[in-house]
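# An overview of the molecular structure
Below, each chain spelled out in residue letters.
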Amino acid sequence: MHGTPHIVSDVMTHTVAAIGRGAAFKEIVRMMHDWKVSALPVLEGEGRVVGVVSEADLLPKEEFRDSDPDRHTQLQRLTDLAKAGGVTAGELMTSPALTVQADTTLAQAARTMAYAKVKRLPVVDELGMLQGIVSRTDLLKVFLRDDEDIAEEVRREVVAYLFPSPTSGVRVAVQEGVVTLSGRIRDTALVPVAARLIRAVEGVVDVRFDLSERTSFSESTAAPSGHGESTWPLGPVPNGSGESSAAGRGALP
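Let me sum up the structure you'll find in this document. As the structure is a computational prediction, the values presented were derived from the model and not from experiment. (Residues numbered from 1 in each chain as written. Predicted model: local features only at pLDDT ≥ 70, side-chain atom pairs only at ≥ 80, totals over all residues. Heavy atoms only, no water.)

## Remarks on the overall build of the protein chain
Selection rule: Only DSSP runs of H or I reaching four residues or more are called helices, and only runs of E reaching two or more are called strands; each is numbered from the N terminus. Burial status follows relative accessibility: with a 1.4 Å probe on protein chains alone, a residue under 20% of its type maximum counts as buried, one over 50% as exposed, and anything between as partly exposed. Contacts are residue-level and defined by heavy atoms, with any inter-residue pair within 4.5 Å sufficient.
Per the secondary structure count, the protein chain includes ten helices and ten strands. A total of 253 residues make up the protein chain; the buried ones form 40% of that total. Long-range pairs, those at least 24 residues apart, make up 57% of the contacts in the protein chain between residues at least 6 apart in sequence.

## A short note on the pairing of strand β3 (residues 48-54)
To be explicit about the condition: Two strands qualify as a pair provided that DSSP identifies no fewer than 2 bridges between them.
Across the seven residues of β3, six count as buried, placing the element largely inside the fold. Looking at chain direction, strand β2 (residues 39-44) and β3 are connected through six bridges and run antiparallel. Residue pairing across strands places V42 opposite G51, the latter belonging to β3. Taking the residues between adjacent antiparallel strands as the criterion, β2 and β3 are bridged by three residues, where G45 takes a positive phi near 65°.

## Points about the sheet that holds β3
Applicable threshold: Lines fitted to C-alpha atoms define the axes, with helix axes restricted to the stretch in contact, and inter-axis angles between N-to-C directions lie between 0 and 180 degrees.
Taken in spatial order, the three strands make up an open sheet running β1-β2-β3, and their pairing is mixed. Strands with a single pairing partner mark the edges of an open sheet, and in this sheet they are β1 (19-20) and β3. Sheet contacts for helix α2 (residues 25-35): β1, β2 and β3; angle to β2, the most-contacted strand, approximately 125°.

## Structural notes on the environment of L190
Within the fold, L190 resides in the loop between β8 (178-185) and α10 (191-199). You can call L190 partly exposed: its relative accessible area is 26%. Separated by 28 residues in the primary sequence, L190 and L162 have C-alpha atoms spaced 7.3 Å apart. Every residue in contact with L190, bar those within four places of it in the chain, is listed here: L162 and F163.

## Thoughts on the nonpolar core
In plain terms, the rule: Working definition of a nonpolar core: buried Ala, Val, Leu, Ile, Met, Phe, Trp, Tyr and Cys residues. They are joined through side-chain atoms within 4.5 Å.
Counting residues in each nonpolar core, the largest one holds 22 residues, and the members touching the most others are V154, F163, V172, V179, L181, I198 and F209. At the level of elements, α9 (147-162), β7 (171-175), β8, α10 and β9 (206-214) are the ones that each hand at least two residues to this core. Take this core: its biggest share by element is six residues, from α9. Counting 15 residues, the second largest nonpolar core, distinct from the first, contains F25, M31, L58 and L92.

## Let's talk about the packing of α2 against helix α3 (residues 55-63)
Our working definition: Angles are sorted into four bins: roughly parallel if under 35 degrees, roughly antiparallel if over 145, roughly perpendicular if 65 to 115, and oblique for all others. Crossing handedness: left-handed means the near helix sits turned counterclockwise from the far one by under a right angle, and right-handed means the same turn made clockwise. Throughout this entry, Asp, Glu, Lys and Arg are counted as charged residues, while Ala, Val, Leu, Ile, Met, Phe, Trp, Tyr, Cys and Pro are counted as nonpolar. The remaining residues, Gly among them, count as polar.
Two elements in contact, α2 and α3, have axes whose closest approach is 11 Å; the angle formed by their N-to-C orientations is 125°. Taken together, the axis directions place α2 and α3 in an arrangement best described as oblique. Of the two possible hands of crossing, α2 and α3 adopt the one that is left-handed. Across the interface between the two elements, F25, I28, V29 and M32 of α2 pack against E55, L58 and K61 of α3. Each residue belonging to the contact of α2 with α3 can be placed in one class, and the counts come to five nonpolar, no polar and two charged.

## Looking at α9
To keep things clear, this is the line we draw: For a helix, the expected span equals 1.5 Å multiplied by the number of residues minus one. We define the bend at each residue as the angle formed by axes fitted to the 7 residues ending at it and the 7 residues starting at it. Polar contacts here mean pairs of N or O atoms no more than 3.5 Å apart (in protein, one a potential hydrogen donor and the other a potential acceptor; neighbouring residues in sequence count only if both atoms are side-chain atoms).
Spanning 16 residues, α9 covers 21 Å between terminal C-alpha atoms, matching the ideal 22 Å at 1.5 Å per step. The largest bend in α9 comes to about 35°, at R155. Turning to α9, its buried residues are I150, A151, E153, V154, E157, V158, V159 and L162. As for α9, its buried residues are in contact with β7, β8 and α10. Near the N-terminus of α9, the side chain that reaches the backbone nitrogen of E148, with its oxygen 3.0 Å away, is that of D146.

## Overview of α3
Basically, it comes down to this: Taking the helix axis as origin, the arc is that swept by the directions to the C-beta atoms.
D57, L58 and P60 are the residues of α3 that are buried. Looking straight down α3, one finds its buried side chains confined to an arc of 140°; they lie on one side. Among the exposed residues of α3, those oriented more than 90 degrees off its buried face are A56 and L59. Residues of α3 that are buried make contact with α2, β3, α5 (78-84) and α6 (89-92).

## With respect to the sheet that holds strand β5 (residues 120-124)
Spatially, β4-β5-β6 is the arrangement adopted by the three strands of the open sheet, whose pairing is mixed. Edge positions in the open sheet fall to β4 (100-101) and β6 (130-135), since each of these has one partner strand only. In the sheet, β5 pairs with β6 via five bridges, with the strands oriented antiparallel. By the bridge assignment, V124 is partnered in β6 with L130.

Here it is as structure tokens:
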């Protein structure tokens, strides 16, 4: 297998709006508005990322502007109350910053964002210097990939690997990111393996199968149905353990 997953450097934005520790509150708000972003990396020195200021860090100032929180609220919202009194990026930022490196896979970056519930991540080098930024929208760019491009990778990296020619009669079709494998194969135990590998191809939305099993390579390809072959048209995918996965979906075992 020669395919490699897309990484953050493939989709990240290189031009990034950033601020220093001493940036004032209104300067931060103005920059977010001008750049149409909801968070800004905070830098020090020659560009090392030391934190991130987001809209969530700024909102406590408005939330507590004309209120006098009771003792319970004070105990529960100590961090927000402190930020309500902040006037510079250094006082408002969340630190240390959650970051990724340019060679992080898109799947890893997506998991990091989902776990931390953030919309974007600064991209840094091994010294923590800012290289760019990657957002949720950037991570979804892989689904803009052309169907024929996906089909060619599936043929090259999956079909040729699991069902090699000249015995393979497997055909690959892709429509709107949904991959369908059809034809004859010798061993249906390979179907869940194929499903797993195809789902790992960037841009794949779903996997389906319309495959028949040939019990012997010496049999004629013109053999009538029911004589030396079994068919699973878009049906449950065998997982090699006597069980089946979700019908018609090529789900993983």
